[in-house]
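Observations on the model geometry
Next come the chains, spelled out residue by residue.
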Amino acid sequence: MCLALPARVIDIDAQGHGTVDMGGVRKQVSLALLDAVKAGDYVIVHAGYALTLLDEAEARQTLALFEQLQQNQATS
């Protein structure tokens, strides 16, 4: 089973690595598999690599679902 998460690109360095924000957690990932990524874009991240660009509305919807799942588990 694979898990890929939406993340917002915060910063990009000269080596093609990006700092992404995943629900308040910041992590360095490789952007080598994508062209024309810029700060503010949303990407799907798996195993330290940004795999694809993600539409902002879709990213926000997915993140909201994760938040809802977390809240449901906390009240269970």
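Here is a short report on the structure shown in this document.

The next subject is the overall build of the protein chain. Within the protein chain one finds 1 helix and 5 strands. Going from the N terminus to the C terminus, the protein chain shows its helices and strands as β-β-β-β-β-α. At a minimum sequence separation of 6, the contacts of the protein chain that also span at least 24 residues come to 31%. Within the structure as shown, the protein chain displays about 5300 Å² of accessible surface, and the carbon and sulfur contribution to it stands at 53%. Taken as two groups, the 5 positive and 9 negative side-chain charges of the protein chain have centres that lie 5 Å from each other.

Let's shift gears to the pattern of salt bridges. Enumeration according to the criterion identifies 2 salt bridges in this entry. The shortest N-O distance in the salt bridge between aspartate 41 and lysine 38 comes to 3.2 Å. The salt bridge partner of arginine 60 is glutamate 56, with a shortest N-O separation of 2.9 Å. Here the residue arginine 60 and the residue glutamate 56 both occupy positions in helix 1 (residues 56-75), the gap between them amounting to 4 residues, near one helical turn. Classification of arginine 60 as partly exposed rests on a relative accessible area of 47%.

So, on to a nonpolar patch on the surface. Taken together, the side chains of Leu33, Tyr49 and Leu51 define a hydrophobic patch exposed on the protein surface, amounting to about 300 Å² of accessible area. Looking at the element boundaries, tyrosine 49 is found in strand 5 (residues 49-54). With relative accessibility at 40%, the residue tyrosine 49 sits in the partly exposed group.

Not every positive phi belongs to a glycine, and alanine 36 is a case in point at roughly 60°. Mapped onto the secondary structure, alanine 36 falls in the loop between strand 3 (25-30) and strand 4 (42-46). In this structure alanine 36 comes out as exposed when scored by relative accessible area, which is 70%. Of note, the phi angle at alanine 47 is positive, near 55°, even though the residue is not glycine.

For the largest pocket, the calculated volume is near 330 Å³. Every residue along the wall of the largest pocket is listed here: Leu3, Leu5, Pro6, Arg8, Asp21, Met22, Gly23, Tyr42, Leu63, Phe66, Glu67 and Gln70. The set of elements that each furnish at least two residues to the lining of the largest pocket consists of strand 1 (5-12), strand 2 (17-22) and helix 1. It is helix 1 that contributes the most residues to the lining of the largest pocket, 4 residues altogether. Looking at side-chain class alone, the lining of the largest pocket contains 7 nonpolar, 2 polar and 3 charged residues.

Parameters at a glance
Residues numbered from 1 in each chain as written. Predicted model: local features only at pLDDT ≥ 70, side-chain atom pairs only at ≥ 80, totals over all residues. Heavy atoms only, no water. Helix = DSSP H or I, 4+ residues; strand = E, 2+ residues; numbered from the N terminus. Contact = heavy atoms within 4.5 Å. Areas by Shrake-Rupley, 256 points an atom, 1.4 Å probe, with all protein chains shown as cover. Lys, Arg positive; Asp, Glu negative; His and termini not counted. Charge placed at Lys NZ, Arg CZ, Asp CG, Glu CD. Salt bridge = Lys/Arg side-chain N within 4 Å of Asp/Glu carboxyl O. Buried < 20%, exposed > 50% of the residue type's maximum accessible area, 1.4 Å probe, protein only. Patch = residues over 30% accessible without salt bridge, like charges linked within 9 Å, V, L, I, M, F, W, Y side chains within 5 Å. 1 Å grid on protein atoms, 1.4 Å probe; cavity = no way out; pocket = protein on both sides within 12 Å on 5 of 7 lines; lining within 4 Å. Points joined across faces, edges and corners; volume = space filled by probe spheres on them. Nonpolar A, V, L, I, M, F, W, Y, C, P; charged D, E, K, R; others polar.

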